[in-house]
Number of protein chains: 2
Amino acid sequence: MTKIAFLGTGLMGEPMARNLLKAGFGLTVWNRTQDKALPLGAAGARIAPAPQDAVRGAGIVVTMLSDGEAVSDLLFGRGCAAAMAAGTLVIDMSSIRPREARDHAGRLAAAGIGHLDAPVSGGTRGAEAADLAIMVGGDPADFARAEPVLRAMGRPVLVGPAGAGQLSKLANQAIVAITIGAVAEATLLVRRAGADPRLFRQALEGGFADSIILRQHGERMETGDFAPGGRASIQLKDLDNILDEARALGIALPLVSALRDRFHRLVHDMGHGELDHAALFLELLDRNGLPAGT
Amino acid sequence: MTKIAFLGTGLMGEPMARNLLKAGFGLTVWNRTQDKALPLGAAGARIAPAPQDAVRGAGIVVTMLSDGEAVSDLLFGRGCAAAMAAGTLVIDMSSIRPREARDHAGRLAAAGIGHLDAPVSGGTRGAEAADLAIMVGGDPADFARAEPVLRAMGRPVLVGPAGAGQLSKLANQAIVAITIGAVAEATLLVRRAGADPRLFRQALEGGFADSIILRQHGERMETGDFAPGGRASIQLKDLDNILDEARALGIALPLVSALRDRFHRLVHDMGHGELDHAALFLELLDRNGLPAGT
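Residues numbered from 1 in each chain as written. Chains lettered and ligands numbered in written order. Predicted model: local features only at pLDDT ≥ 70, side-chain atom pairs only at ≥ 80, totals over all residues. Heavy atoms only, no water.

As annotated in an unreviewed UniProt entry, chain A carries the name NAD(P)-dependent oxidoreductase and comes from Shinella pollutisoli.

> Describe the environment of G250 of chain A, naming the residues involved and giving the relevant values.
Residues and elements named next belong to chain A. With respect to the element layout, G250 can be found in the loop between helix 12 (232–249) and helix 13 (254–269). Here G250 falls in the exposed class, since its relative accessible area comes to 57%. Residues G250 and D103, 147 residues apart in the sequence, show an inter-C-alpha distance of 21 Å. (Helix = DSSP H or I, 4+ residues; strand = E, 2+ residues; numbered from the N terminus. Buried < 20%, exposed > 50% of the residue type's maximum accessible area, 1.4 Å probe, protein only.)

> Which residues make up the UniProt feature "domain: 3-hydroxyisobutyrate dehydrogenase-like NAD-binding" (unreviewed entry) in chain A, and what are the values?
In this structure's numbering, the residues bearing the UniProt feature "domain: 3-hydroxyisobutyrate dehydrogenase-like NAD-binding" (unreviewed entry) are residues 163–280 of chain A. Here residues 163–280 of chain A runs as 71% helix and 0% strand, with 29 Å between its end C-alpha atoms. (UniProt positions renumbered as here; feature names shortened; annotations may be inferred.)

> Quick one: what's the story with the pairing of strand 6 (residues 114–117) of chain B, residue by residue and with numbers?
Alternating residues of strand 6 of chain B divide into G114 and L116 of chain B and H115 and D117 of chain B, and every residue in both groups is buried. Handedness of the β-α-β unit built from strand 5 (residues 89–92) of chain B, helix 6 (residues 98–109) of chain B and strand 6 of chain B comes out right-handed. (Right-handed = clockwise from strand over helix to strand, strands pointing away.)

> I'd like a description of the relation of the copies chain A and chain B, backed by residues and values.
By a simple turn and slide, chain A fits onto chain B: the slide is 0.0 Å along the axis, the RMSD is 0.0 Å, and the turn is 180°. Here the transformation between the copies is reduced to the relation of a two-fold axis. Rotation axis and chain A: the residue whose C-alpha lies nearest the axis is S211 of chain A, separated from it by 2.6 Å. Most of the interface of chain A is mirrored in chain B, where 100% of its interface residues again form contacts. (Least-squares fit on C-alpha atoms with pLDDT ≥ 70 in both. Contact = heavy atoms within 4.5 Å.)

> Tell me what's going on with the domain arrangement of chain A, and back it up with residues and numbers.
All names here are of chain A. If you check the domain split of chain A, you get domain 1 (3–160) and domain 2 (167–287). On a C-alpha basis, the centroid separation for the pair domain 1 and domain 2 is 28 Å. With 15 residues of domain 1 at the contact, the number on the domain 2 side is 16 residues. Between domain 1 and domain 2, roughly 1,300 Å² of surface is buried when both sides are summed, and carbon and sulfur atoms account for 45% of that area. Where domain 1 meets domain 2, there are 3 salt bridges. Between R99 and E245 there is a salt bridge, with its nearest N and O atoms 3.7 Å apart. (Domains from an automatic or database assignment. Buried area = accessible area lost by both parts, 1.4 Å probe. Salt bridge = Lys/Arg side-chain N within 4 Å of Asp/Glu carboxyl O.)

Written out as structure tokens, the structure is:
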């Protein structure tokens, strides 16, 4: 079976790597903070002291990092790409800019190394359940080779050439951010009217307004438990990237712009960047002059 | 088995009444435009020439009309309530204002007639599949009596006292309108970047951004087929009602306000009130100076 290197075993990467182990893949992991990789060692992964060690001899290298700079630094700045054999396939599951993904794909191709951009949606719960939506951009032959690995973590779909996975992830994040805004306003309306947000969500199940956001993030808004999940600061980064991409394409996205400004307020004025993005509910309360817990 | 009168067999009411027939209920139907009730006659319903005739002898009266004035006019203006025996139960499945529902419930109670507000979500497809989300406000004993009837049309949940069903429906519509706005922006972004909106929707299945809106309304945006479904003019009415209710509760709902203005533009400036509410995509294209079909 293909030997896999997994670089970046944080909040999302850890359960994803664990599912590769469960599926029987031989796995070498590396994380910047090595402590976070130790539980995977107990589960059967080899822990590499440096990323270059992890990728040596691997047929497939999975990266799950915070942004495009982190991926670029690891691959090209710290010499990971140079340590890979020709014919290696890099599956970058980080959420980065489409143009960065195209750039990485081009630079790796020059060294005979394949590349797929394969960002995910579904959060830590989706990662744990091996039920992530995986949006893939790249070459169909590389996709075929990656598919058994990706299937161990979720449901991959090849949506187009290099960069198309990241573009789809941005469009996905646009929907997520705006839907969180929608659920926040519905939750506030229901709560202020004296009805029960839990029964409200239950009544909506299976209807047009139903979504994972309604069920999971609606519950977070109700209970006030904003442990992440997906961090508000990451959501803000995604919204900035969406607007960059939209500007490059010459289009205006008014709801994305509005949500970007409100997440900016939540993260930078209210200091809640480390909370789950469902904490946009706190921004809505604040905007209404209502204290948290109202 | 309880005899049921069904008043208002339009786009939604017709398939809902048909599911009551399929479930074996004895059904008398009335519609303002009688032609629209004729197919139900062929399916086994008795067709009443006037609404007062329909409700006479019925144990349960279901109403599915366009707005609160239509319901009030039928019940009190045209004497339907006066034609009902004490102990009759009115299930109003129309989408009307919470305060109107509370008013109707109070006036009927004075005549010994029960009332549930039980608006729905799920559109014509949900109505046909007997899979509507049904948000119910009223008395638990009345709910227990109505439940077998409601179950023949969908999944009822009692969310609170009189008016709570309508309030939940408004909150539901807030989510629907905003999510349509979200899917429109994602579809435009994906399309302008040269990726495939159909594969995009497929890739998102089961993830955080997935919803019936993404699948059904996203497809309408892609194909440009805006036959309703839910009309844009009705969506605008709902958004106005949400903002009325929010004002009465002293809260600001910024995304609802933004969508209200854009649906107003779609309906009144662009003249698309009769199209499906997914036609908000046309408003986004127009706002970007792009022709329909772009």
